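Given next are the chains, with one letter for each unit.
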Amino acid sequence: MRPAPRLSPRPLVVTALLAAILLLAQISLSFLPNIELVTLLLLCYTAVFPLRQVLGAVLVFDLLEGILYGFGLWWIMYLYVWPIWVLLSLALRRTSSGLVRAVAAGGYGLCFGALCALPYLAFGPGAALANWVSGIPFDIAHCAGNFLTTLLLYTPLVKGLSLLQRQGQLPAANRDKKP
């Protein structure tokens, strides 16, 4: 029988910190309609941290959102929209183009409303369509906000996170592999 792997508290603490930053970023801009930093932060996290740590932060963030705002129908979409974005962000790890990342983040903001309308299919296709169409102006603002924040802030954020890793303050993404 193999001994259980040794658990280190450091990755758990970093995951909790990443989730807390997501929540604080979301709350701090909640007064603006569909202008948020969660998309940008998850793109940065995916570029720097191990996938399981980013998905763990998303799970904790989703849970905290439900605790703060209630576990309504809106909350169900949080369980899939952020993990989908993290998985899409994996494909963007290899690009060096800031414009490509900004366009992807903007495109995701534009599609966000359609993804969020999926739980409303439980009330029929008309309800889902009405929910999506009524939110298109917000999706346009979401697209513009994601595009601009990613274009302006992605590189400095990733450089800062990478610097912390090099100094040994944060675990590196390549530590995700088992020996």
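## Section: the packing of helix H5 (residues 98-116) against helix H7 (residues 136-166)
Remark: H5 packs on H7, axes separated minimally by 7 Å, with the N-to-C direction vectors making an angle of 155°. Compared by their axis directions, H5 and H7 come out roughly antiparallel. The element H5 and its partner H7 pack so that their crossing is right-handed. Taking contact as the criterion, the partners of Gly-98, Leu-99, Arg-101, Ala-102, Val-103, Ala-105, Gly-106, Gly-109, Leu-110, Phe-112, Gly-113 and Ala-114 in H5 are, on H7, Asp-139, Ile-140, His-142, Cys-143, Asn-146, Phe-147, Thr-150, Leu-151, Tyr-154 and Thr-155. Among the residues forming the contact of H5 with H7, the class breakdown is twelve nonpolar, eight polar and two charged.

## Here's the deal with the layout of surface pockets
Reported here for the second largest pocket is a volume of approximately 640 Å³. Lining of the second largest pocket is provided by 24 residues; of these, Asn-34, Met-77, Tyr-78, Phe-112 and Cys-116 occupy positions nearest its centre. Sorting the residues of the lining of the second largest pocket by element identifies helix H3 (51-69), helix H4 (73-91), H5, helix H6 (125-134) and H7 as the ones contributing at least two each. Among the elements that make up the lining of the second largest pocket, the one with the highest residue count is H4 (four residues).

## Overview of the packing of aromatic side chains
This structure, assessed with the given rule, holds nine aromatic pairs. With a centroid separation of 4.8 Å and 85° between ring planes, the pair formed by Phe-71 and Trp-75 is classed as edge-to-face. What makes Trp-75 buried here is its relative accessible area of 16%. Among the aromatic residues, ring-to-ring pairing joins Phe-61, Tyr-69, Trp-74, Tyr-78, Trp-82, Trp-85, Tyr-108 and Phe-112 into one connected group.

## Quick look at the nonpolar core
Leu-22, Leu-42, Tyr-45, Phe-49, Val-81, Trp-82 and Trp-85 are the most contacted members of the largest nonpolar core, which has 34 residues in total. Secondary structure elements with two or more residues in this core: helix H1 (9-28), helix H2 (38-48), H3, H4, H5 and H7. Here this core gets eight residues from one element, more than from any other, and that element is H2. Apart from residues no more than four positions distant in its own chain, Trp-82 is found in contact with Glu-36, Val-38, Thr-39, Leu-42, Val-58, Phe-61, Asp-62, Tyr-108 and Phe-112.

## Observations regarding H3
Spanning 19 residues, H3 covers 27 Å between terminal C-alpha atoms, matching the ideal 27 Å at 1.5 Å per step. The elements touched by buried residues of H3 are H1, H2 and H4. Following H3 by one or two positions, Gly-70 adopts a phi angle in the positive range, close to 100°.

The rules behind these values
- Residues numbered from 1 in each chain as written.
- Predicted model: local features only at pLDDT ≥ 70, side-chain atom pairs only at ≥ 80, totals over all residues.
- Heavy atoms only, no water.
- Axes fitted to C-alpha atoms, helices over the stretch in contact; angles between N-to-C directions.
- Helix = DSSP H or I, 4+ residues; strand = E, 2+ residues; numbered from the N terminus.
- Parallel < 35°, antiparallel > 145°, perpendicular 65-115°, else oblique.
- Left-handed = near helix turned anticlockwise from the far one by under 90°.
- Contact = heavy atoms within 4.5 Å.
- Nonpolar A, V, L, I, M, F, W, Y, C, P; charged D, E, K, R; others polar.
- 1 Å grid on protein atoms, 1.4 Å probe; cavity = no way out; pocket = protein on both sides within 12 Å on 5 of 7 lines; lining within 4 Å.
- Points joined across faces, edges and corners; volume = space filled by probe spheres on them.
- Phe/Tyr/Trp six-rings, centres within 6.5 Å; stacked < 30°, edge-to-face > 60°.
- Buried < 20%, exposed > 50% of the residue type's maximum accessible area, 1.4 Å probe, protein only.
- Core = buried A, V, L, I, M, F, W, Y, C linked by side-chain atoms within 4.5 Å.
- Expected span 1.5 Å × (residues − 1).

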